[in-house]
Amino acid sequence: MTATFAPPPPAPEATLRALEEKLAAALPPVLRGCYAASNGGRFGDPRQRDGEWQLYPVFDSSDRKQMKRTAEDVLHYTRLALQDTRFPRDGISIAHDYSMYRQLFVRRDPATGAIAEDILLFDAHTDQWSAPYAADLRAAIDQARIPEAVQPDPARALPEFRYYADPFESGVMRTSGESCQCCGQATGYIYGGSFYAIGDESHFCPWCIADGSAAAKFDGEFNDAAGVGMGDVELPLPIVQEVSQRTPSFFSWQQERWWAHCNDAGRFIGELAHVDRALIASQAGREFVDTLREETHIASDTDWQALLDTPSRERDLAVFVFRCLHCGQLGGYADYS
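Residues numbered from 1 in each chain as written. Predicted model: local features only at pLDDT ≥ 70, side-chain atom pairs only at ≥ 80, totals over all residues. Heavy atoms only, no water.

**A few points about the overall build of the chain**
Next, step 1: Scanning the chain for helices and strands turns up twelve helices and 13 strands.
Next, step 2: Computed over C-alpha atoms, the radius of gyration of the chain comes to 22 Å, within 12% of the 20 Å expected from 2.2 N^0.38 for 337 residues, which places it in the range of a compact globule.
Next, step 3: When the backbone C-alpha atoms are referred to their principal axes, the chain occupies close to 60 × 50 × 35 Å.
Next, step 4: Within the chain, the proportion of its 337 residues that are buried is 47%.
Next, step 5: By sequence separation, contacts in the chain at least 24 residues apart represent 56% of the contacts at least 6 residues apart.
Next, step 6: Total accessible area on the chain is roughly 16,500 Å²; 51% of this is exposed by carbon and sulfur atoms. (Helix = DSSP H or I, 4+ residues; strand = E, 2+ residues; numbered from the N terminus. Rg over C-alpha atoms; globule rule 2.2 N^0.38 Å. Buried < 20%, exposed > 50% of the residue type's maximum accessible area, 1.4 Å probe, protein only. Contact = heavy atoms within 4.5 Å. Areas by Shrake-Rupley, 256 points an atom, 1.4 Å probe, with all protein chains shown as cover.)

**Some points on the packing of aromatic side chains**
Each aromatic ring pair is specified by the distance between its two centres and by the angle formed by the two planes.
Next, step 1: This model, assessed by the stated rule, comprises 23 aromatic pairs.
Next, step 2: Residues Trp258 and Phe268 carry aromatic rings whose centres are separated by 6.2 Å and whose planes lie at 50° to one another, so their mutual orientation is tilted. With Trp258 in the loop between helix H9 (237-246) and strand E9 (260-261) and Phe268 in strand E11 (residues 267-271), this pair connects stretches of sequence that are ten residues apart.
Next, step 3: Three or more aromatic residues joined by ring pairs form one cluster here, namely Tyr164, Phe250, Trp258, Phe268, Phe320, Phe322 and Tyr333.
Next, step 4: Across from the ring centre of Tyr333, 4.2 Å away, lies the NZ or CZ of Arg257, which sits over that ring. (Phe/Tyr/Trp six-rings, centres within 6.5 Å; stacked < 30°, edge-to-face > 60°. Lys NZ or Arg CZ within 6 Å of the ring centre and 35° of its normal.)

**Some remarks on the environment of Leu104**
Next, step 1: Residue position: Leu104 is located in strand E4 (residues 102-107).
Next, step 2: Among the residues examined, Leu104 registers a relative accessible area of 0% and is labelled buried.
Next, step 3: When the C-alpha positions of Leu104 and Asp290 are compared, they lie 41 Å apart, and in sequence the two are 186 residues distant.
Next, step 4: Setting aside its immediate chain neighbours within four residues, Leu104 contacts Phe43, Trp53, Ile92, Ser93, Ile94, Ala95, Ile119, Leu120, Leu121 and Tyr133.

**Let's talk about the state of the cysteines**
Next, step 1: In the structure shown here, the tally under the stated rule is zero disulfides.
Next, step 2: Looking at the unpaired Cys208, the closest cysteine sulfur is the one in Cys205, lying at 3.6 Å.
Next, step 3: Overall, Cys208 belongs to the buried group, its relative accessible area being 6%. (Disulfide = S-S within 2.5 Å.)

See below:
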């Protein structure tokens, strides 16, 4: 699907026919053609800086390797999507952006059962449950990046988060022309990570996060207060409030937790793939690495190196790294899909 990585092998004709039998409908020609060229893969999202879509594979039982790679297929993800009552009942999910909050899907005509070629967007962050995205999958893959309608003001300094190194590097903050759901202003930046509240609002500018406006207005938390300290360290209430109400979250498989040390919350450095290798190999990192390897049963140096060399999106184990603001010790935890 893209020149930046080796695409998966083609989906055999038998697997495409098997999927069509289960769907009781023929796949649209363009979608079928894409699968015949590459069974899954990823392609860029022109509407989000550095964004990508993960195209679900078609289940392939031709050998054990392909069975394992394609076990979580179109039907699997569609069943997951339908657990959200807002997802269209006639929708077939075909891709997501490594979360279930934004998905691409096609629709099946309830009268004829025919599957349309139009690619639609389901975006739980912006309340777009069935927004047009592209005429077909090939058009979705090939479309040009959309220029941002609002450029950030270079004279306005971004707020600094005491307990978060770089929310742009982690991907929860991005440049965008979208308006903040708290202050209503289009600042050129928008947050797209977790926010726990009764309402659906979750897209805020960095200033409304940093000063506590968003959490106060919508009575919510960016990070679960109960997870600050990871259940091992009881921290003073002001620290817990700053992490839960005035600090961005990070993308994780399970609900995020926040490591603590020296009677303070740690500073989130990032997922292992984004952390400086020299820092991991330093004295400050050795104890963390030893503990992590013991907890995850990574006994051999070869397996540890493989973990370091594999991009986070291509493994089912994520490692979130924090650093103590006082002594420099590294810590964190492993998270499984």
